[in-house]
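Chain by chain, the residues run as shown.
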Amino acid sequence: MHKHTKFWLPALLILAALGGAAWWQPWKKADAAPRFEFAKVERGPLSANVSASGTLSALITVQVGSQVSGQIQSVLADFNTPVKKGQVIARLDPATFQSRLTQAEADLAAAQGAVEVAKSALTVRQAEAGKAKAALGEAERNFKRKQDLVAQGFLSAAELDAAQTTLDTAREQERLAMSEIRAAQAQVGNAQAGVRQRQAQVEQARLELERTVIRAPVDGVVVSRNVDAGQTVAASLQAPVLFTIARDLKEMEVNIAVDEADVGRVREGQKVRFTVDAYPGERFSGQVTQIRKAPVTNNNVVTFSVMARVKNPDLKLLPGMTASARILTEERQSVLKVPNEALRFRPTQADGTPIKQEVKKREEGPGVPGRVWRQGADGNPEPLTLRLGVSDGKFTEVLKGDVQEGTEIILRQLENAKVAPKPQRPFGMGL
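Description of the structure in this document. What you are looking at is a predicted structure, and each value in this text was computed from that prediction instead of being measured.

### Some words on the packing of helix α2 (residues 95-152) against helix α3 (residues 157-210)
- Look at α2 against α3: their axes get within 6 Å of each other, and the N-to-C directions meet at 165°. One way to sum up the angle between α2 and α3 is to call them roughly antiparallel. The hand of the α2/α3 crossing is left-handed.
- Considering only residue class, the contact of α2 with α3 consists of 31 nonpolar, 14 polar and 16 charged.

Okay, here's the thing in C-alpha cells:
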C-alpha cells in the first residue's frame, strides 16, 4: 500500500500542474488584452439638418381697430367666426356723429346762401358799372362837340371847362364802379371757398359716421375679440384693436429661431419638417421662404428668424403652436458613413490615460480631418485618418480615407468586468 502511494502521488501532482497551467494561460491572456465594441462602415443615405424651435402663425394677420372714439353698440362677430371682406362685425353708437353731420350740413347750406347773396351784390355792382360806363361815353361825346364849337367860336371857353369837369367826373365814377365789381367778385370767391370748406366738414362728418360701422377688411377667421357691447373705446393717439383676423389658415408659416452658428447653412427653398405637441408622432412639412436679417438677442444668445411656409388643408395647425423643426440643409443618397461615436473614440491605458500614437499619414482634400480606430494584428487599436463631410448627428460622411464599406472600426473600449467576469483562481494558483 505504501509503495502504490509513492507511485501515484508524483503522477497526480504533474497532472494538476499541467491542468493549472492550461487554465491559467487563457485567463492571463483574457485579463491583459483590451476589449472593444465594433461597428462597420456603412453605405447609405445621409442628410444634414439644423434643429430649432419655432412658432406657428397665420400667413397674414390683420388687426381691426376703430378710427373713432365711442361706445360699442353691438358686436356681431366672435372667436372663430368666418367673415367676408366688408362684412359688419361691430357698431359704435352713431348719435354723436349723426348730430355732427347734421350741423355740418346746416353750415353748408348757410355758406351756399352766402354765395347767392355775394353773387346778387356782384350783379348790382355790374349794373352800376354799366351805368357809369354809359355816362362816361356821354360825357366824352359832349366834350368833343363843345371842343368843335369853341374852335368855331360858337361857345365860350367857360362852357368847355364845364364839359371837361363833367368828363373827369364820369371817368372817376366808372373807375369806382369797376373797383366795386372786383370787390364783389372777391366776396363771391370768399363765399364759394366757405362752401367748399363746409362741404369738407360734411364729408368728414359723414366719414366719421360711416366709421362707427366696423367692417372686416379681408376674408378670414376671427382669432381674437377684445371688446364687448357697452365698452367705450378711445381712438386718440393709436387706434384700439377690436378684432384680429387671420386671413387664411389653410396656409400658415413657422417662425423658426435659428442659432447664429447654424444660420449660414440655411437657404431659401430648403425643406422643413416639424412636429407639434398636439399631434405626437405626426410630421408636418414646409419650405423656407425667408431668412430675416434682424438678429434677436435673448440672454446673450443671438438667433435669426427663418420663415417657412406650411400647407394646412385640414386646419389641424393653429396659430401660436410651438413647433420642433428640422431644416434639411444637405442631403446625400449613397455615401460611406461612420458613426459619430467612432470619431470620438480615443484608446486609453488601464489607468484611463490616453494612448499617444503618432499619425504617420494625414489625408488631404475637401472636408474636415477626422480619425477612427481599428484593431490591429496585435490586438491594439491603430488609427485611420479620414476627410469628413456632412453629419446628421449620428453618422458622418466619409469623403476620403482608408476605409471601405464593411470595414470594422472601434466604437468604444469595454471594461473587462462588463465583458467577461474574471474566473476565480484556485487557491494557491498564481501566487
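Moving on from the coordinates now.
### Section: α2
- Spanning 58 residues, α2 covers 86 Å between terminal C-alpha atoms, matching the ideal 86 Å at 1.5 Å per step.
- Just downstream of α2 lies Gly 153, where phi reads positive at about 85°.

### Regarding the sheet that holds strand β10 (residues 241-246)
- Here we have four strands laid out as an open sheet, ordered β3-β10-β8-β5, and antiparallel in their pairing. Because the sheet does not close on itself, it has two edges, and the strands there are β3 (61-65) and β5 (82-83).
- Strand direction decides the pairing type here: β3 and β10, joined by five bridges, are antiparallel. Along β10, the bridge assignment pairs Val 62 with Ile 245.

### Focus on the packing of aromatic side chains
- Evaluated as defined, the whole model comprises four aromatic pairs.
- Ring geometry for Phe 36 against Phe 38: centres 6.2 Å apart, planes inclined by 65°, an arrangement best described as edge-to-face.
- Relative accessible area serves as the criterion here: at 31%, Phe 38 is assigned to the partly exposed category.
- Where Phe 274 meets Phe 284, the ring centres are 5.6 Å apart and the plane angle is 25°; that geometry is what we call stacked. Of this pair, Phe 274 sits in strand β12 (residues 271-276) while Phe 284 sits in strand β13 (residues 284-298), and the two are 10 residues apart along the sequence.
- For Phe 274, a relative accessible area of 1% translates into the label buried.
- Among the aromatic side chains, those forming a connected cluster through ring pairs are Phe 36, Phe 38 and Phe 345.

### Considering the environment of Arg 346
- Mapped onto the fold, Arg 346 is located in the loop between α4 (340-344) and β16 (368-375).
- Separated by 27 residues in the primary sequence, Arg 346 and Trp 373 place their C-alpha atoms 8.0 Å from one another.
- In this view, Arg 346 contacts Arg 371 and Trp 373; residues no more than four positions away in its chain are not counted.
- Within polar-contact distance, the side chain of Arg 346 engages the backbone oxygen of Leu 343 at 3.2 Å.

### Overview of the environment of Val 258
- Mapped onto the fold, Val 258 is located in strand β11 (residues 251-259).
- You can call Val 258 buried: its relative accessible area is 0%.
- Distance in space between the C-alpha atoms of Val 258 and Val 296 is 9.9 Å, their sequence separation being 38 residues.
- Those residues in contact with Val 258, other than ones at most four positions away along the chain, are Val 50, Ala 52, Val 263, Val 266, Val 302, Thr 303, Phe 304, Val 306 and Ile 327.

### Here's the deal with the pattern of salt bridges
- A full pass over the atoms with the stated rule returns 18 salt bridges.
- With its nearest N and O atoms 3.6 Å apart, the salt bridge here joins Arg 100 to Glu 208. Here Arg 100 is found in helix α2, whereas its partner Glu 208 is found in helix α3, with 108 residues between them in sequence.
- A residue is classified by how much of its surface remains accessible, and Glu 208, at 19% relative accessible area, is buried.
- A salt bridge links Glu 180 to Arg 125; the shortest N-O distance between them is 3.9 Å. Of this pair, Glu 180 sits in helix α3 while Arg 125 sits in helix α2, placing them 55 residues apart in sequence.

### Points about the side chain of Glu 174
- Relative to the helices and strands, Glu 174 is located in helix α3.
- Of the side chains with opposite charge, Lys 133 lies nearest to the buried Glu 174, which makes no salt bridge, at 6.0 Å.
- In contact with Glu 174, other than residues within four places in its own chain, are Ala 132, Lys 133 and Leu 136.

### Some words on the sheet that holds strand β7 (residues 213-215)
- Strand order across the open sheet formed by four strands is β7-β6-β4-β9, with antiparallel pairing between neighbours. Each having just a single partner strand, β7 and β9 (232-233) make up the two edges of the open sheet.
- The pairing of strand β4 (residues 70-75) with β9 spans two bridges and is antiparallel. Residue pairing across strands places Gln 71 opposite Thr 232, the latter belonging to β9.

### Considerations on the pairing of strand β17 (residues 381-391)
- The pairing of β16 with β17 spans eight bridges and is classified as antiparallel. Across the sheet, the residue bridging to Val 368 is Leu 388, located in β17.
- Where β17 lies against strand β18 (residues 395-401), four bridges are found, and the strand directions are antiparallel. Bridge pairing in β18 links Leu 388 to Val 398.

Rules of the game
Residues numbered from 1 in each chain as written. Predicted model: local features only at pLDDT ≥ 70, side-chain atom pairs only at ≥ 80, totals over all residues. Heavy atoms only, no water. Axes fitted to C-alpha atoms, helices over the stretch in contact; angles between N-to-C directions. Helix = DSSP H or I, 4+ residues; strand = E, 2+ residues; numbered from the N terminus. Parallel < 35°, antiparallel > 145°, perpendicular 65-115°, else oblique. Left-handed = near helix turned anticlockwise from the far one by under 90°. Nonpolar A, V, L, I, M, F, W, Y, C, P; charged D, E, K, R; others polar. Expected span 1.5 Å × (residues − 1). Pairing = 2+ DSSP bridges. Phe/Tyr/Trp six-rings, centres within 6.5 Å; stacked < 30°, edge-to-face > 60°. Buried < 20%, exposed > 50% of the residue type's maximum accessible area, 1.4 Å probe, protein only. Contact = heavy atoms within 4.5 Å. Polar contact = N/O pair within 3.5 Å; in protein donor to acceptor, adjacent residues only side chain to side chain. Salt bridge = Lys/Arg side-chain N within 4 Å of Asp/Glu carboxyl O. Lys, Arg positive; Asp, Glu negative; His and termini not counted.

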